[in-house]
Amino acid sequence: MNKLIVLMGGQGVGKGTFAKMLASRHKYQIIETGQMLRDAAKTDTTIAEIMARGELLSFETLTRLIARTLDIHHDTILDGFPRTMSQAQWLIQNYADKFDIHVLYLDVPQEIMIRRIKKRIRDGGGRADDADMTAVMRRLDIFWNETMPAIRWLESVPGIRFSDVDVRGDVNDNFNNILTALSSQE
Ligand code: AMP
């Protein structure tokens, strides 16, 4: 069975960076929902407005996007999905028998998330929704209230692997923790 690595964690924890670092060592398909939606937002003002507010797009939009792009013939990294309990349940119902799933919860406290978002803005890599502090706070609120219960639920699902990874350190230490988590349960 092909591998499905699900990177979960709040804003600025480095999901995109670690997805690329993993893909440089092994041929993974990366599905980054935020980037795909930012591309879609260029021609779709409804999507752009929802994202600018820091709100989530609908269950139907996301599941259609994932169903279309998730190829069971490739080892894959999911970055940005699932983000809600219903998305998590949909993923498990539809894909737990098709992939060897490993959920990595990239665990950092909120003050580090905010610090990293501010750094992302300073470094010029910031996105429109990073520059608006109200939208950032809304995204954090959604993370704790909607994504965190989904993470805790995934931790309890039998037959999939789950690791809580400390990524409070520097990027190389964090990446080593991720590699250790991935290899420890193989
Ligand atoms: P990200 O780049 O992962 O922070 O995502 C940027 C934005 O895209 C989010 O604030 C949401 O508006 C939207 N988005 C990304 N992934 C999802 C998802 N799984 N469910 C709903 N909306 C999403």
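Before reading on, note that the structure itself is shown above.
Cut-off values and rules
Positions within a chain are numbered from 1, following the residues in the order the chain's sequence is written. Local features are withheld for residues below a pLDDT of 70 in this predicted model, meaning they are given only at 70 or higher, and side-chain atom pairs are given and counted only at 80 or more; totals for whole chains, interfaces and linings count all residues. In computing side-chain values, all of the structure's heavy atoms are included and hydrogens and water are not. Working definition: with a 1.4 Å probe on protein chains only, accessible area under 20% of the residue-type maximum means buried, over 50% means exposed, and in between means partly exposed. Helix and strand assignments follow DSSP, with helices taken as H or I runs no shorter than four residues and strands as E runs no shorter than two, numbered in order from the N terminus. By definition, two strands form a pair when at least two bridges between them are found by DSSP. In the cavity and pocket records, a cavity denotes points on a 1 Å grid over the protein atoms alone where a 1.4 Å probe fits but cannot get out, a pocket denotes an open set with protein on both sides within 12 Å along at least 5 of 7 lines, and lining residues are residues with an atom within 4 Å of a point. Grid points are joined across faces, edges and corners, and a volume is the space filled by probe spheres set on the points. Interaxial angle, 0 to 180 degrees, is taken between N-to-C directions of lines fitted to C-alpha atoms, where a helix line uses only the stretch in contact. Note on convention: the crossing is left-handed when the near helix lies turned anticlockwise from the far helix by less than a right angle, right-handed when the turn is clockwise. We call two residues contacting when some pair of their heavy atoms lies within 4.5 Å. For this classification, Asp, Glu, Lys and Arg are treated as charged, while Ala, Val, Leu, Ile, Met, Phe, Trp, Tyr, Cys and Pro are nonpolar and the rest, including Gly, are polar.

### Comments concerning the pairing of strand E1 (residues 2-8)
Step number 1: Among the seven residues of E1, five are classified as buried, and the element is accordingly described as predominantly covered.
Step number 2: Pairing between E1 and strand E3 (residues 76-79): four bridges, direction parallel. If you follow Val-6 over to E3, its bridge partner there is Leu-78.

### Description of the layout of surface pockets
Step number 1: Estimates place the volume of the largest pocket at around 1100 Å³.
Step number 2: Lining the largest pocket are 46 residues, and of these Gln-11, Gly-12, Lys-15, Arg-120 and Arg-127 lie nearest its centre.
Step number 3: For the lining of the largest pocket, the secondary-structure elements that each account for two or more residues are E1, helix H1 (15-23), helix H2 (33-41), helix H6 (110-122), helix H8 (133-156) and helix H9 (171-184).

### Points about the sheet that holds E3
Step number 1: Read across the sheet, five strands follow the order E2-E3-E1-E4-E5 without closing on themselves; strand pairing throughout is parallel. Sheet topology places strand E2 (29-32) and strand E5 (161-166) at the edges, where each strand pairs with a single neighbour. Ignoring which end each strand starts from, the neighbouring axes of this sheet average 20 degrees apart.
Step number 2: By the bridge criterion, four bridges tie E2 to E3 in an arrangement that is parallel. Directly across from Ile-30, in E3, lies its bridge partner Ile-77.

### Overview of the packing of H1 against H9
Any two packed helices are characterised by how steeply their axes cross, that is the angle between the axes, and by the distance between the axes.
Step number 1: Packing of H1 against H9 leaves a shortest axis separation of 11 Å and a crossing angle of 65 degrees. Crossing of H1 over H9 shows right-handed handedness. Contacts between H1 and H9 involve Thr-17, Phe-18, Met-21 and Leu-22 on the former and, on the latter, Val-171, Asn-172, Asn-174, Phe-175, Ile-178, Leu-179 and Leu-182.
Step number 2: When the residues that make up the contact of H1 with H9 are grouped by side-chain class, the tally is eight nonpolar, three polar and no charged.

Spatial relationships are all this shows, so hold off on functional conclusions.
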